[in-house]
Structure formats: structure tokens, C-alpha cells
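So you can see what is in the structure, the chains are spelled out below.
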Amino acid sequence: MYDETVRLIASIDKRKPSDALPSRLDALFRQLALAPGDTEAIEEAIWTIWMYHPHRQAARVLDQAASDIAAQRYDIAETRLARLIRARPDFPEAWHKRATLHYLRQDDSESVRDLHHTLELEPRHYPAMMAFGEICLSNQDGTAALIAFNAAHKIYPSLAAIQDGLERAQTLVP
């Protein structure tokens, strides 16, 4: 799944987000790409939309799982997220939260699998790209990390964490 995810990220420019995602994200991502500095409000609006689901119970479960992850109740979070993903497989943020959980458990292969699903549904999910880039860095794969961080940079050029990832990835590439 690792190589497939590199290829998926490399083709992000050619992909469209899931029809299940609100179209108002398009304008927010255009603003994010062009904003020179203060992007906090734009980023917050994007996260609000990503965390939202038209079925309120799905959004509630996602919030509960995020709280469980923060409290390190990983088994409970995993159960909630598995059920949520089975019920709502079109919910990119559910996949992303489970990828985060796997990452925290140091299960990179499962994390990559869920990051892949996230990016299939929401190709502009720069945090998923950044998480994949971090996994690439931990595997000393500077080339794949550069692909991930460069893709994230196109979406959110002013985010310092992306620039930091690019710089760290560059040190691994001859």
C-alpha cells in the first residue's frame, strides 16, 4: 500500500474530491493556497467541514473517537472508528482519525492504508499527506517524503510544518 499511496499522492492534481464533500471546500482551498500569512480562520473552516457529517450521529462518533485518542483510550477509539467506517465509508475524516490512531500505536502499515483511503476521498487532505510524509521520513525514504510534502505544500504553501517536512526530506535525498 506504501507504493500505491506514493502514486496516489503524486497524481493528486488529477483527482477530484468525493461528491460527498461540500463544494464550499473548493473556495476555502483556493484561499488557503493564495493566502500569504494569516490562514488560521481558513484552516479552522476547513477542519469544521471535514469533521462535519450530514448524519449527526456520525459526526458525534467522530468527536468521541477524537476525544478517546486524546485521552489515550485507543481500544475504545478503534472500536468507534471501525464501526463508523463500516457505516460511513465515504467519511474521509473517519479514515484520517483511524490513521492517526494507528500511527500513535506505531502501526505504519495500517496507518498508510487508512491515509490512502483518506486521500482517495479527499485528495486535498494536506494533514494526511503530511502524516504519510512523516512515515516516509521514519523509513528514511526521502524521495517519497518529498512527494508527500510537495503535494501538501501546493495546497497549503504557508504552513511552516510543511516547509519543515520538505527540509527534512531534502536531507535524505542525494
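Before reading further, recall that the structure is shown in the block above.
The following paragraphs examine the structure supplied in this document. (Residues numbered from 1 in each chain as written. Predicted model: local features only at pLDDT ≥ 70, side-chain atom pairs only at ≥ 80, totals over all residues. Heavy atoms only, no water.)

Comments concerning the nonpolar core
Line of reasoning, step 1. Leu25, Phe29, Leu32, Ile46, Tyr126 and Phe132 are the most contacted members of the largest nonpolar core, which totals 39 residues.
Line of reasoning, step 2. When residues of this core are traced back to their parent elements, those giving at least two are α1 (2-10), α2 (24-34), α3 (40-51), α7 (108-121), α8 (126-138), α9 (142-155) and α10 (160-170).
Line of reasoning, step 3. When neighbours within four sequence positions are excluded, leucine 32 is seen to be in contact with Thr39, Ile42, Ile46, Tyr126, Ile155, Tyr156 and Pro157.
Line of reasoning, step 4. By size, the runner-up hydrophobic cluster in this structure holds 16 residues, among which are Tyr74, Ala77, Phe91 and Ala94. (Core = buried A, V, L, I, M, F, W, Y, C linked by side-chain atoms within 4.5 Å. Buried < 20%, exposed > 50% of the residue type's maximum accessible area, 1.4 Å probe, protein only. Helix = DSSP H or I, 4+ residues; strand = E, 2+ residues; numbered from the N terminus. Contact = heavy atoms within 4.5 Å.)

Digging into the packing of α8 against α9
Line of reasoning, step 1. As a packed pair, α8 and α9 sit with axes 8 Å apart at the nearest point and diverge in direction by 160 degrees. Comparing their axes, α9 and α8 come out roughly antiparallel. Considering the relative orientation of α8 and α9, their crossing is left-handed. For the pair α8 and α9, the contacting residues are Tyr126, Met129, Met130, Phe132, Gly133, Glu134, Cys136 and Leu137 in the first and Ala144, Ala145, Ala148, Phe149, Ala151, Ala152 and Ile155 in the second.
Line of reasoning, step 2. Taken together, the residues of the contact of α8 with α9 sort by class into 13 nonpolar, one polar and one charged. (Axes fitted to C-alpha atoms, helices over the stretch in contact; angles between N-to-C directions. Parallel < 35°, antiparallel > 145°, perpendicular 65-115°, else oblique. Left-handed = near helix turned anticlockwise from the far one by under 90°. Nonpolar A, V, L, I, M, F, W, Y, C, P; charged D, E, K, R; others polar.)

Description of the packing of aromatic side chains
Line of reasoning, step 1. Under the counting rule described, the total for this entry stands at five aromatic pairs.
Line of reasoning, step 2. The interplanar angle of 40 degrees and the centroid separation of 5.9 Å between the aromatic rings of phenylalanine 29 and tryptophan 50 together place this pair among those described as tilted. Highlighted residues: phenylalanine 29 in helix α2 and tryptophan 50 in helix α3, separated in sequence by 21 residues. For the pair formed by phenylalanine 29 and tryptophan 50, the shared burial category is buried.
Line of reasoning, step 3. Taking 5.0 Å as the distance between ring centres and 90 degrees as the angle between the ring planes, the aromatic pair formed by tryptophan 47 and tryptophan 50 counts as edge-to-face. Linking tryptophan 47 with tryptophan 50, this pair stays in helix α3, spanning three residues, or about one helical turn. (Phe/Tyr/Trp six-rings, centres within 6.5 Å; stacked < 30°, edge-to-face > 60°.)

Quick word on helix α6 (residues 92-104)
Line of reasoning, step 1. The first and last C-alpha atoms of α6 sit 19 Å apart over 13 residues, in line with the 18 Å expected at 1.5 Å per residue.
Line of reasoning, step 2. In terms of residue burial, α6 counts as a mostly covered element, since 10 of its 13 residues are buried.
Line of reasoning, step 3. Those residues of α6 that fall on the buried side of the exposure criterion are Pro92, Glu93, Ala94, Trp95, His96, Lys97, Arg98, Ala99, Leu101 and His102.
Line of reasoning, step 4. If you follow the buried residues of α6, they end up packed against α3, α4 (56-70), α5 (74-87), α7 and α8.
Line of reasoning, step 5. Residue glutamine 106 follows α6 closely and has a positive phi angle near 60 degrees. (Expected span 1.5 Å × (residues − 1).)

Here we look at the pattern of salt bridges
Line of reasoning, step 1. With the rule as written, the count across this model stands at 12 salt bridges.
Line of reasoning, step 2. As a salt-bridge pair, glutamate 110 and arginine 113 come within 3.7 Å of each other at their nearest N and O atoms. Of this pair, glutamate 110 and arginine 113 are both found in helix α7, three residues apart, which corresponds to roughly one turn of the helix.
Line of reasoning, step 3. Given the relative accessible area of 27%, glutamate 110 is considered partly exposed.
Line of reasoning, step 4. For arginine 113, a relative accessible area of 34% corresponds to the partly exposed category.
Line of reasoning, step 5. Among the ionic contacts, a cluster of salt bridges with common partners joins Asp26, Glu122 and Arg124. (Salt bridge = Lys/Arg side-chain N within 4 Å of Asp/Glu carboxyl O.)

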